[in-house]
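# Inside the fold
The residues making up each chain are set out below.
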Amino acid sequence: MYKPYRACPICSIEDATFVHEVKFALFDKHPMKNGYNVIQCNGCSFVYADTHVTQDELDIYYKELSKYEDKNIGTGGGFTPEDKDRLVKTAVFIEEHVPDKNIRIADIGCANGGLLKELKHLGFQNLVGVDPSASCVDITIAEVGCEAYQYSIFNIDKNIGKFDLVILSHVLEHILDLPSIMDRLNELVVDGGLIYVECPDAENYYKIIHAPFQEFNTEHINHFTEISFENLAALHGYNKIFTSNKTLKLPSGEDYHAVYGLFKKAPNPNYTLKKDDIILENIEVYIQESDKIFKEIEQEITDIDVIQQVALYGIGQFAFKLLTSPALYNRKLKLFDNNDINIGKAINGRLVLAANTIAKEFLKEEFTIVITSLIHEDGIRKQIQGAFKSSGKFPVIKGFKKLLTKEQSYAHSTF
Ligand SMILES: [Zn+2]
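Residues numbered from 1 in each chain as written. Predicted model: local features only at pLDDT ≥ 70, side-chain atom pairs only at ≥ 80, totals over all residues.

## Re the overall build of the chain
Scanning the chain for helices and strands turns up 11 helices and 17 strands. For 415 residues, the compact-globule estimate of 2.2 N^0.38 gives 22 Å, and the C-alpha radius of gyration of the chain, at 22 Å, lies within 12% of that figure. Dimensions of the chain, computed from C-alpha atoms along their principal axes, come out at roughly 65 × 50 × 40 Å. Within the chain, contacts between residues separated by at least 24 positions form 69% of all contacts whose residues are at least 6 apart in sequence. (Helix = DSSP H or I, 4+ residues; strand = E, 2+ residues; numbered from the N terminus. Rg over C-alpha atoms; globule rule 2.2 N^0.38 Å. Contact = placed C-beta atoms within 7 Å.)

Now the structure itself:
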């Protein structure tokens, strides 16, 4: 038996099984420190991150992030064709199950109001957006012409009133304390009202690997499936109407599996927890496939001449993991990133430099560039080529996107 720091966020028991250790080298002062274990609850089979981070620490971290971040997922803005298509489908699904156009609907974590806009097109009149980001709230008001308020899910003012339908899309995978969120949700939903929930689909992580271990990151600490949605909802007084999974397109063009469900507020005291017999097996395949790709990447880095300096380009979830690898021990190393929120921060005391200074830094001492944002590799190569255009010397660039395609087809062929 493994005694977790974090009780199961669904059934609240403290009895779990170790699944995988995730190691990070994070920005100095990041609340998650060196990583966490992924574990499985022995009561309800839920797979989650056993982090000792607190909700207050996470809130401060998200508050800072939201000042800069462009939200690509969540209910998005619908500004790209893929994003709009995804939001139209969700709105149509809601319309099929909720024919009354006068009901009051809240989208918690509404981002730029993309889903609310599609619901409005379908004739829903009574729409409210909620988002922790002030700019998202402003954009929602301007684009949708509905009410929108700046609240985090934890501090929604009671004066906002009650709703017939509350939407939580790509929110619950981030929440440390799910029971308290469900209690707050209960204050917002009328008796007989509905909740729509959507998250990354843990049962299908293995099918598309965007980068090794990408789904075990600093932000996604709960790994939902149809069964865990149903268990969570039922334990807090919601009956299942419908659950399923679907494939979304990310703005990068990659597919992404999501799980979603619609639940009705109608307590069922006789509900017994459902066990999930598939989740662990599928997560284990995901771990094996990720591990293979990770090891190949480590090997390619180890093969770079030891006297050669290495520059990591793209300081995100994959770089956080790669920086813990022995392949980078005792290497001269530089870190580069495009995102203003990362530039000037430090990892183990090493500063993240602005990507647009890369050619200048190269002139001081040459390095091999390792692209550490796998799904954005093509765009980053172009940026690097642009940066070195007027320079007489070009760096060696290593990218690992090629490894993903191979592994992906392998993963499919095993099932
Ligand atoms: Zn549990």
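## Quick notes on the sheet that holds strand S9 (residues 222–223)
Pairing is antiparallel across the open sheet formed by four strands, whose spatial order is S1-S2-S3-S9. The strands lining the two open edges of the sheet, one partner per strand, are strand S1 (16–23) and S9. (Pairing = 2+ DSSP bridges.)

## Quick word on helix H5 (residues 178–188)
Buried residues of H5: Leu178, Ile181, Met182 and Leu185, and no others. All buried residues of H5 lie within an arc of 100° about the axis, which places them on one face of the element. Opposite its buried face, H5 presents the exposed residues Asp183 and Glu187, each directed more than 90 degrees away. On its buried face, H5 sits against strand S7 (163–169), strand S8 (189–200), S9 and helix H6 (226–235). (Buried ≥ 20, exposed ≤ 12 C-beta atoms within 10 Å, placed from the backbone. Arc of directions from axis to C-beta.)

## Section: the domain arrangement of the chain
When cut into domains, the chain gives domain 1 (55–269) and domain 2 (302–403). Each of domain 1 and domain 2 was reduced to a C-alpha centroid, and the two centroids are 35 Å apart. With 10 residues of domain 1 at the interface, the matching set in domain 2 holds nine residues. Among the residues forming the side of domain 1 that touches domain 2, the class breakdown is four nonpolar, five polar and one charged. (Domains from an automatic or database assignment. Nonpolar A, V, L, I, M, F, W, Y, C, P; charged D, E, K, R; others polar.)

## Remarks on unusual backbone geometry
For Lys29, which is not glycine, the phi dihedral falls at a positive 80°. Tracing the backbone through its elements, the reader meets Lys29 in the loop between S1 and strand S2 (35–41). On the basis of neighbour count, Lys29 is assigned to the exposed category, with 9 C-beta atoms found within 10 Å.

## Describing the packing of helix H2 (residues 81–97) against helix H3 (residues 114–121)
Between H2 and H3, whose axes approach to 9 Å, the crossing angle comes to 55°. One way to sum up the angle between H2 and H3 is to call them oblique. Here the hand of the crossing between H2 and H3 comes out right-handed. Contacts between H2 and H3 involve Asp83, Leu87, Val88, Thr90, Ala91 and Ile94 from the former and Gly114, Leu115, Glu118 and Leu119 from the latter. (Axes fitted to C-alpha atoms, helices over the stretch in contact; angles between N-to-C directions. Parallel < 35°, antiparallel > 145°, perpendicular 65-115°, else oblique. Left-handed = near helix turned anticlockwise from the far one by under 90°.)

## Digging into the pairing of strand S4 (residues 104–108)
Buried residues dominate S4, accounting for four of its five residues. Pairing of S4 with strand S5 (residues 126–131), which is carried by five bridges, proceeds in the parallel orientation. Each residue of the ladder has a partner; that of Ala106, found in S5, is Val128. Chirality of the crossover, the property in question, places the unit of S4, H3 and S5 among those that are right-handed. (Right-handed = clockwise from strand over helix to strand, strands pointing away.)

## Re the pairing of S8
Across the 12 residues of S8, nine count as buried, placing the element largely inside the fold. Looking at chain direction, S7 and S8 are connected through six bridges and run parallel. Note on S8: the bridge partner recorded for Val166 is Ile195. Handedness of the S7-H5-S8 crossover: right-handed. Alignment of S8 against strand S11 (residues 255–265), held across seven bridges, turns out to be antiparallel. Looking at the pairing, Ile195 lines up with Phe263 of S11.

## Here's the deal with the nonpolar core
Residues Ile105, Val166, Ile167, Ile195 and Tyr313 are the most contacted members of the largest nonpolar core, which totals 109 residues. Residue contributions to this core peak at seven residues, all from helix H7 (residues 279–302). For this core, the two domains that each supply at least three residues are domain 1 (55–269) and domain 2 (302–403). Residues contacting Tyr313, with those up to four places away along its chain left out, are Phe336, Ala355, Ile369, Val370, Ile371, Thr372 and Ile380. (Core = buried A, V, L, I, M, F, W, Y, C linked by C-beta atoms within 7 Å.)

## So, the environment of Gly349
On the secondary structure map, Gly349 appears in the loop between strand S14 (346–347) and strand S15 (350–354). When the C-alpha atoms of Gly349 and Phe27 are compared, they prove to be 8.7 Å apart, with 322 residues separating the residues in sequence.

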